[in-house]
Every structure is written in C-alpha cells, then in structure tokens.
Amino acid sequence: MHIDWIDRAAAARAIGSGLSRRGFLKTGALATSGLVLGFVVPGANRFAQAQGAKVYAPNAFLRIAPDNTVTVIVNRLEFGQGVHTSLPMLIAEELDADWSQMRGELAPAGDIYKDPAFGIQITGGSGSIARGFTQYREIGARARAMLVAAAAEQWKVQPGQCRTEKGVVVGPAGQKASYGSLAEAAMKQPAPATVVLKDAKAFRYIGKPMRRIDARAKSSGRQQFGIDFTPENAVTVVVARPPVFGAKVAKFDAAAARAVKGVLDVLEVDLDRGARGVAVFAKGYWPAKQGRDALNAEWNTGEVEKVSSDAQLARYRELAKAPGGAVARQSDVSKLAGAPHRISAVYEFPYLAHAPMEPLNCVVDLKGDACTIWAGTQFQTVDQQVAAQLLGLKPEQVTINTMMAGGGFGRRAVPSSDWIGDAVRIAKAYRAAGHAGPVKIVWSREDDIRGGYYRPSYVHRADIGIDARGEIVAWDHKVVGQSIMAGTLFEPMMVKNGVDGTTIEGMGEPYALPMNLAVDGVQQNVPVLWWRSVGSTHTAYVMETLIDEAAHVARVDPVAYRKKLMGEKHARHRAALDLAVAKSGYGKKGLPKGRAWGVAVHESFGSVVAYVVEASLVDGVPKLHRAVAGVHCNQPVNPLSIEAQIQGAALMGLGMTLPGAAITLKDGVVEQQNFGDYVVARHHEMPQVEVHIVPSNDPPTGIGEPGLPPLAPAFANAVFRLTGKRLRKLPFDLASA
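Source: prediction; values computed, not measured. (Residues numbered from 1 in each chain as written. Predicted model: local features only at pLDDT ≥ 70, side-chain atom pairs only at ≥ 80, totals over all residues. Heavy atoms only, no water.)

What about the nonpolar core?
- Within the largest apolar cluster, 149 residues are counted, with the highest numbers of intra-cluster contacts made by Val 364, Ile 373, Ile 472, Trp 475 and Tyr 611.
- In terms of residues, this core owes the most to one element, helix H14 (residues 536–554), which gives eight residues.
- Non-local contacts of Ile 373, meaning those with residues more than four positions away in its chain, are made with Cys 362, Val 363, Val 364, Ala 387, Val 398, Thr 399, Ile 400, Asn 401, Ile 420 and Val 424.
- By size, the runner-up hydrophobic cluster in this structure holds 47 residues, among which are Ile 64, Val 74, Ile 139 and Ala 150. (Core = buried A, V, L, I, M, F, W, Y, C linked by side-chain atoms within 4.5 Å. Buried < 20%, exposed > 50% of the residue type's maximum accessible area, 1.4 Å probe, protein only. Helix = DSSP H or I, 4+ residues; strand = E, 2+ residues; numbered from the N terminus. Contact = heavy atoms within 4.5 Å.)

Describing the sheet that holds strand S13 (residues 326–329)
- Spatial ordering of the open sheet is given by S13-S23-S20-S19-S14, a layout of five strands whose pairing is mixed. Both edges of this open sheet fall to S13 and strand S14 (341–349), since each of them pairs with a single strand only. The average undirected angle you get between the axes of adjacent strands in this sheet is 15°.
- Across nine bridges, the pairing between strand S19 (residues 458–466) and strand S20 (residues 472–481) is antiparallel. Among the inter-strand pairings, Val 459 is bridged to a residue of S20, identified as Val 480.
- Against the sheet, helix H8 (residues 309–321) engages S14, S19, S20 and strand S23 (515–521), with an angle of about 30° to S19.
- Of the strands in this sheet, S14, S19, S20 and S23 touch H14, which is tilted by about 155° from S14. (Pairing = 2+ DSSP bridges. Axes fitted to C-alpha atoms, helices over the stretch in contact; angles between N-to-C directions.)

Overview of helix H15 (residues 558–566)
- Listed in full, the buried residues belonging to H15 are Pro 558, Val 559, Tyr 561, Arg 562, Leu 565 and Met 566. Down the axis of H15, the sector holding all buried residues measures 165°, keeping them to one side.
- Just downstream of H15 lies Gly 567, where phi reads positive at about 70°. (Arc of directions from axis to C-beta.)

Brief notes about H8
- Relative to the 18 Å expected for 13 residues at 1.5 Å per residue, H8 spans 18 Å between its end C-alpha atoms, a close match to the ideal helical length.
- Turning to H8, its buried residues number three or more, namely Ser 309, Gln 312, Leu 313, Tyr 316 and Ala 320. Viewed along the axis of H8, the buried residues span an arc of 95°, placing them on a single side of the element. Away from the buried face of H8 by more than 90 degrees, exposed residues Asp 310, Glu 318 and Lys 321 are located.
- Residues of H8 that are buried in the fold lie against S14, S19, S20 and strand S27 (665–666). (Expected span 1.5 Å × (residues − 1).)

Side note on the layout of surface pockets
- Considering only enclosed or pocket space, the second largest pocket measures out at about 570 Å³ in volume.
- Looking at the second largest pocket, it is lined by 28 residues, and the ones nearest its centre are Arg 241, Pro 242, Pro 243, Asp 447 and Arg 450.
- Contributions of two or more residues to the lining of the second largest pocket are made by strand S8 (235–240), helix H7 (285–293), helix H10 (418–432), helix H11 (445–450) and strand S28 (669–670).
- Grouping the constituent residues of the lining of the second largest pocket by class yields 13 nonpolar, four polar and eleven charged. (1 Å grid on protein atoms, 1.4 Å probe; cavity = no way out; pocket = protein on both sides within 12 Å on 5 of 7 lines; lining within 4 Å. Points joined across faces, edges and corners; volume = space filled by probe spheres on them. Nonpolar A, V, L, I, M, F, W, Y, C, P; charged D, E, K, R; others polar.)

Quick look at the packing of aromatic side chains
- Across all of its chains, the model carries 15 aromatic pairs by this definition.
- Pairing Phe 715 with Phe 732 gives two aromatic rings, centres 5.2 Å apart and planes at 55°, and the pair type is tilted. Here Phe 732 lies in the segment after helix H18 (711–723) and Phe 715 lies in helix H18, a separation of 17 residues in the sequence.
- Among the residues examined, Phe 732 registers a relative accessible area of 8% and is labelled buried.
- Geometry around Trp 443 places Arg 241 over its ring, the cationic atom sitting 3.8 Å from the centre.
- The residue whose ring lies beneath Arg 726 is Phe 720, and the NZ or CZ to ring-centre distance is 3.6 Å. (Phe/Tyr/Trp six-rings, centres within 6.5 Å; stacked < 30°, edge-to-face > 60°. Lys NZ or Arg CZ within 6 Å of the ring centre and 35° of its normal.)

Digging into the side chain of Arg 63
- Considering the arrangement of structural elements, one finds Arg 63 in strand S2 (residues 62–64).
- Assessed through its relative accessible area of 19%, Arg 63 is described here as buried.
- Engagement of the side chain of Arg 63 in a polar contact is seen with the side chain of Glu 105, the distance being 2.7 Å. (Polar contact = N/O pair within 3.5 Å; in protein donor to acceptor, adjacent residues only side chain to side chain.)

Things to note about the sheet that holds strand S24 (residues 595–604)
- Strand order in the open sheet formed by four strands is S24-S25-S26-S29, and the pairing between neighbours is mixed. Unpaired on one side and paired on the other, S24 and strand S29 (688–693) mark the two borders of the sheet. Taking each pair of neighbouring strands and ignoring which way they run, the sheet shows an average axis angle of 20°.
- Relative to strand S25 (residues 607–618), S24 runs antiparallel, the two being bridged by ten bridges. The residue bridging Ala 596 from the neighbouring strand is Ala 615, located in S25.
- Packed onto the sheet, helix H16 (residues 571–584) meets S24, S25, strand S26 (621–632) and S29 and runs at close to 125° relative to S26.

Brief notes about the pairing of strand S17 (residues 398–402)
- Burial along S17 is one-sided: the residues Val 398, Ile 400 and Thr 402 are buried and none of Thr 399 and Asn 401 is.
- As judged from the five bridges shared by strand S16 (residues 370–375) and S17, these two strands associate in the parallel manner. Paired with Trp 374 across the bridge in S17 is Asn 401.
- Of the crossover connections in this fold, the one passing from S16 over helix H9 (residues 380–391) to the parallel S17 is right-handed. (Right-handed = clockwise from strand over helix to strand, strands pointing away.)

Section: the side chain of Ser 309
- Relative to the helices and strands, Ser 309 resides in helix H8.
- Relative accessible area serves as the criterion here: at 14%, Ser 309 is assigned to the buried category.
- Polar contacts involving the side chain of Ser 309 include one to the main-chain amide nitrogen of Leu 665, which spans 2.7 Å.
- Setting aside its immediate chain neighbours within four residues, Ser 309 contacts Ile 663, Thr 664 and Leu 665.

Here we look at the pattern of salt bridges
- Within the structure shown, the criterion is met by 39 salt bridges.
- The closest approach of N and O atoms between Glu 105 and Arg 63, which form a salt bridge, is 2.7 Å. In this pair, Glu 105 is assigned in strand S4 (residues 102–106) and Arg 63 in strand S2, connecting sequence segments 42 residues apart.
- A relative accessible area of 32% means that Glu 105 is categorised as partly exposed.
- Three or more residues are tied together by salt bridges with common partners; here these are Glu 544, Asp 548, Arg 562, Arg 721 and Arg 726. (Salt bridge = Lys/Arg side-chain N within 4 Å of Asp/Glu carboxyl O.)

Keep in mind that these numbers describe shape and distance, not what the molecule does.
Below, the structure written as structure tokens:
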C-alpha cells in the first residue's frame with residue numbers, strides 16, 4: 001500500500017494519534033530481566049506535539065536479557081518484506097551488538113509503536129525502513145550510551161574511556177562486561193537527550209547482506225502465522241457472504257448446517273458495507289465449511305448496484321473520450337491539431353485481487369469489557385479503533401497481537417477495517433447468543449479472491465502531438481476510474497478538487513512534458529483499495545509505453561530519448577537507468593535470434609527502479625527471459641532484502657501481464673474464485689532477475705513496491721520490437737492489439 005502522499009499533519013489530526021515527543025521507560029525486571037528501552041523518536045518530525053515526555057506502559061523496542069540476547073520489538077507487520085531483520089539491523093548497528101544474538105518480535109498495537117511521522121501504527125507506503133531509519137538507530141545509540149555509563153560507573157572511569165564491540169563494553173584497562181551483565185545497572189542510567197549516530201563509513205551491518213532472522217523458522221515450517229494460531233477452546237468460523245457487495249441474506253437452512261457433525265451454531269450476522277451474511281461456528285475449519293455449504297442461502301440483491309465489467313468498460317471509454325472531468329494539471333493543447341506526428345491511445349486496466357498466499361484470518365476473544373485480537377494486520381491503530389467503536393469500548397481496552405503474515409500487498413490495511421470489523425461483529429453476535437470463548441474467523445481462498453477491495457479498474461485516453469524534431473509539443477490525457485480514497489478517513493487530505501491523488505501519481509515525472517491532465521472519478525459498488533505500488537500500477541505502464549512510442553516516432557534510441565526528456569534535474573533516475581543499461585549490456589551486445597530489448601524507468605515511494613529486459617515470443621506468446629534492475633533507494637540497509645523485494649515485485653509486475661490476471665464481474669458477481677481462474681505468476685514464469693543498487697549514503701527511501709511498476713511496460717516495449725504491436729491493455733492480448 002501507499003501512504004507517503006498523505007498530508008501527515010492532517011492525518012494525525014484525523015486519526016487522533018496523540019503523537020508524542022521522546023519518551024523513555026525504565027522498568028523493573030520483566031520475565032527475561034535486563035534492559036528495557038522505549039522511545040518515540042520523531043527526529044526532524046515537524047508534526048511532533050510540543051508537550052512533555054510521556055511515560056508509557058511496559059512495552060518497548062529493545063530488551064537485553066542476562067544471556068546477552070537482544071530482542072528488538074518490530075513496530076511493523078512482517079509479511080515477507082524482511083523488516084523482522086532490517087529494523088533489528090539498525091539497532092544492532094548503533095548498539096554495537098553481536099548479530100548472532102539478535103532476535104525480532106512483532107509489536108502489539110500501542111501508542112509507542114506508532115509511525116513517528118504519521119502517528120498511527122502502520123506498515124505501508126514502503127516506509128518501514130525509510131521512516132524507521134533514524135528512529136531505530138537512535139534507540140540503539142541511546143541503549144549503548146546507557147550500557148557504557150553503567151560500565152563506567154562500575155569501573156569508576158569516565159564513559160569516554162570505554163568502547164563497545166559485539167555486545168561487550170571494554171574499559172580503559174581492558175576490563176570487559178557483557179551487555180547482559182550490565183543490563184540491570186543500565187536501567188538506572190538516564191537516557192541521553194541527544195546521541196551522535198555513526199558515520200556511514202563505520203557501518204558494520206547497515207549496507208551489508210544479512211540473512212533473515214526468521215528464515216530458518218519459515219523454511220522449516222516452524223514459524224507460526226496468523227492462520228496457524230488457534231487458542232484453547234476457540235471455535236472456527238466461516239461466513240457465507242453475499243455474492244453481490246452489500247447485499248443481504250434472504251433465507252438459509254440453519255437446520256441443515258447444524259446437522260453437520262462438529263457444527264456448534266449458525267447465526268445471521270452484520271458484515272462490511274452494510275451486508276448481512278451467515279456465520280457457521282464449528283469445531284474446526286472443515287465442519288464449518290461443510291456447514292456453510294449446507295446452508296443453501298438465498299440473497300436479496302435488489303437494493304444494490306450490480307456492476308458488469310463489459311458495461312463498465314464501455315462507460316469508462318465514453319467518459320475518457322468526453323471533454324471535462326476534474327482538472328489535475330493544465331497545459332496548452334492547441335498544438336495537437338497542427339502536430340506532424342500524433343499518438344492517440346486508449347489504455348484499459350482490470351480490477352486486481354491482492355491474493356496473498358495466506359488468506360485473511362483473525363481470532364477475537366471477548367471477555368467482559370476487554371477484547372483481544374490476534375491478526376496479521378498492517379493497520380493496528382485503525383483496526384483497534386474500529387473494533388473499539390463496534391464494541392462500545394475504548395481503544396485501550398482492545399489488545400491487538402500482531403501475527404506473522406503470509407503476504408498482503410495492501411489487503412491487510414483497509415481504512416474501513418473490513419475483515420477485522422467483520423470478525424468483531426461475529427464474535428459479538430456469538431457472545432450475544434450465549435456463548436463464551438474465542439472465535440477464529442478463516443477466509444477460504446475463494447472468499448479472499450471474491451471478497452473485494454481490489455485495485456480499481458481504469459481507462460486512460462492520451463492524445464500526444466510530436467513535432468518534426470521528435471519533440472512532444474502537446475499532451476492531452478484523461479484517467480477514468482474509482483477513487484481509492486473517497487469515503488475513507490483519508491478523503492479530506494487526498495481528494496482535492498475532485499482528483500484523488502492516488503489515481504494520477506506517477507503521471508508525467510520525471511519528464512518535462514506539456515501535459516494536460518483530467519480525471520473522472522466514478523463510484524461503483526465494488527470495494528477498492530491500494531494494491532502493491534498503488535497508482536503506479538497503471539500510470540507507470542501508460543507513461544513508459546507512451547514515452548517509448550514517442551521515441552520510436554522520433555527515431556531516437558529509447559534510453560537516449562528518456563534521458564533527454566529528464567534533463568539535468570533527475571540525477572537519481574539517470575543513475576538507475578545508466579546502471580541497468582550498463583549491467584544488461586544494452587546497446588553493446590547482441591541478443592539471441594528472436595529476442596528483443598525493452599526499457600522502462602519509474603519512481604515511486606521515493607525510489608527509482610529502471611529495468612532493461614529481454615523478451616521473445618514462444619509459440620506466439622510473449623515470454624520474459626531476463627530483467628536487469630538498476631535501483632536507487634539511497635542508503636541500502638540490507639542488500640539481500642532489497643534484492644528479494646525487487647525480485648518479488650518483478651514477478652508480481654509480470655503477473656499483471658499474464659492472460660487471466662483480471663477480476664471481472666457479471667451482474668455484480670465476481671467471476672473468479674481461485675488460482676484456477678485468477679492467474680498469478682508462477683515459478684516457471686519467473687525470469688532471470690538481476691538487481692544492482694546505486695551506491696548512496698543519503699537516508700533510505702522505500703523499496704517494497706518500487707520494483708513493480710516499470711516491469712510490465714519494459715516487457716511491453718520489448719514485445720513491440722518483436723511484433724510491431726503496442727499493447728494498450730493489461731493483461732496482454734496480442735490478438736486484439
């Protein structure tokens with residue numbers, strides 16, 4: 001998901017974050033004993049409130065145990081992107097810890113774990129490292145200073161006479177004390193108001209390839225994910241949801257469901273978007289599913305809009321052609337009429353499901369005036385507040401334990417908190433029916449793919465005028481599609497004069513273009529959400545294929561044409577593109593017969609990724625063989641994680657091009673159910689992906705999403721060189737091009 005474009009001050013006010021300045025916690029021994037530190041470190045954050053230090057409950061970012069192990073509390077969701085390793089690396093660097101003794105632990109929902117910039121606990125916008133870089137390093141540096149002070153006091157020397165190395169404080173006479181042995185004394189030391197962080201030249205961990213802390217548990221099957229967690233005495237719930245969003249159940253056979261062995265109860269329940277469905281409670285997933293199958297539910301769909309993809313697309317095309325729309329950018333388009341060369345194009349993009357490997361799941365336990373939730377969520381603060389509101393509780397009465405998750409791509413960060421809200425509603429109904437104990441709600445793969453909150457469907461229309469010298473003299477552009485932000489708490493910040501900023505992010509930059517840009521925001525009864533790289537999922541494709549087409553019209557090499565349009569203001573774009581070109585051999589080596597080059601470059605979440613790809617046609621079907629990425633994400637923290645993120649994003653970007661990679665609707669019903677009819681890229685489709693990082697010591701920028709947007713257009717540009725056809729729609733369809 002994406003959050004960097006939000007007005008942060010307004011976001012903090014809207015959510016009621018209570019963002020504080022530095023807080024320091026010194027507490028007595030916990031179960032593991034040792035040093036416990038808790039900080040909120042806004043650094044240069046101009047949104048920090050001018051108030052005194054706040055004392056937090058005994059939750060913290062750092063625990064040092066007597067056995068010298070260091071446990072870092074990770075304030076983000078780990079769902080494959082590697083923060084369970086990268087954030088501990090930042091603390092280990094400034095702490096001078098022994099990496100072999102570092103551990104990670106996911107933080108529960110809590111004020112202390114809120115993003116220092118936005119004032120909510122969130123994993124999104126590729127911001128975990130970018131926004132945690134200074135925060136986590138300062139935590140490590142403060143802990144180190146307190147350990148040194150404790151050792152100096154013990155040895156009756158000055159702290160400046162001591163040094164640290166690999167989890168040990170060394171005194172001026174060669175004395176040594178492990179961090180574990182000093183932890184209790186360090187708790188009594190004052191936290192320094194300021195710390196000096198290491199120079200990049202002194203880094204021992206940052207910038208070095210580090211194997212993931214959680215790799216062994218995951219590869220051995222010992223890692224517990226949310227879907228694996230079942231508390232004692234919990235009942236499993238599956239839900240019959242309406243086939244059309246927002247519809248209500250009309251009738252169902254509760255007796256038939258209750259007749260299934262293991263089924264405990266059947267209840268009609270309220271659901272997201274005003275819908276009503278049926279929850280089946282059972283001793284395990286299989287009887288719950290069988291009970292649901294026996295319901296033979298009928299639905300009242302007469303009061304909700306029924307979207308059909310064909311009709312929707314036809315309407316979008318007409319809107320794209322029509323004048324008007326909300327103005328996002330103004331430019332003179334009078335030169336279109338007289339331009340000697342003209343590009344006129346209409347692009348079509350379908351809805352996309354997130355389809356993470358682990359479907360949605362949640363455990364809720366209601367006891368008196370308290371609620372405990374276990375979920376792999378990206379949006380702890382929002383989920384906590386929604387749950388509290390539904391239950392008539394205060395947010396602090398709702399505990400959210402963050403579970404390891406198997407993917408998400410934005411689906412676990414929903415402003416309406418749909419899946420957490422549904423779980424709470426169901427648990428509330430279960431208790432109202434006289435039951436007690438936790439409930440575990442499990443979505444099937446079919447529930448997940450048909451459950452909504454998709455990347456929106458879009459249509460773009462572009463008219464471009466190019467003069468005799470190959471220069472773009474006019475560009476008239478219109479985008480039609482649903483707003484992600486409309487109706488959410490982010491709407492006041494993100495929708496300006498009718499334009500949702502997420503719809504057009506990535507349009508134009510980094511090129512100097514006379515672009516006139518308009519947007520028609522269309523409301524439909526299809527729930528939509530950010531999807532890995534958000535607006536750049538479609539804007540990058542449009543921009544980078546059109547720039548490539550303009551280069552072809554101008555008869556200029558596509559790399560040279562891009563660099564000319566960039567001018568001298570975009571050094572990072574040029575560096576990423578130059579690196580990809582150099583490492584790929586583009587322009588210097590010949591390709592095997594039947595292969596062609598494709599190029600694209602795009603910035604998102606502050607990082608630039610350029611691809612140079614090699615593609616061919618195999619039995620008439622486009623095949624991607626190799627993708628060489630040039631990446632500029634400023635200071636790399638863990639190059640291995642960066643490589644993995646780019647490779648994963650590239651595969652997901654490739655997946656957008658594959659036939660069948662689309663969510664379609666007919667009479668309001670989603671037509672796809674599972675991976676048999678909703679295509680995602682698989683192992684045999686993975687190209688060779690090489691990742692090369694531009695060196696930099698500037699503060700890091702995002703990396704989880706930027707590898708996705710330029711992959712599909714680079715592939716499409718290679719296909720054009722093979723076929724002479726411009727692919728104007730995703731997924732690829734050569735027959736209609």
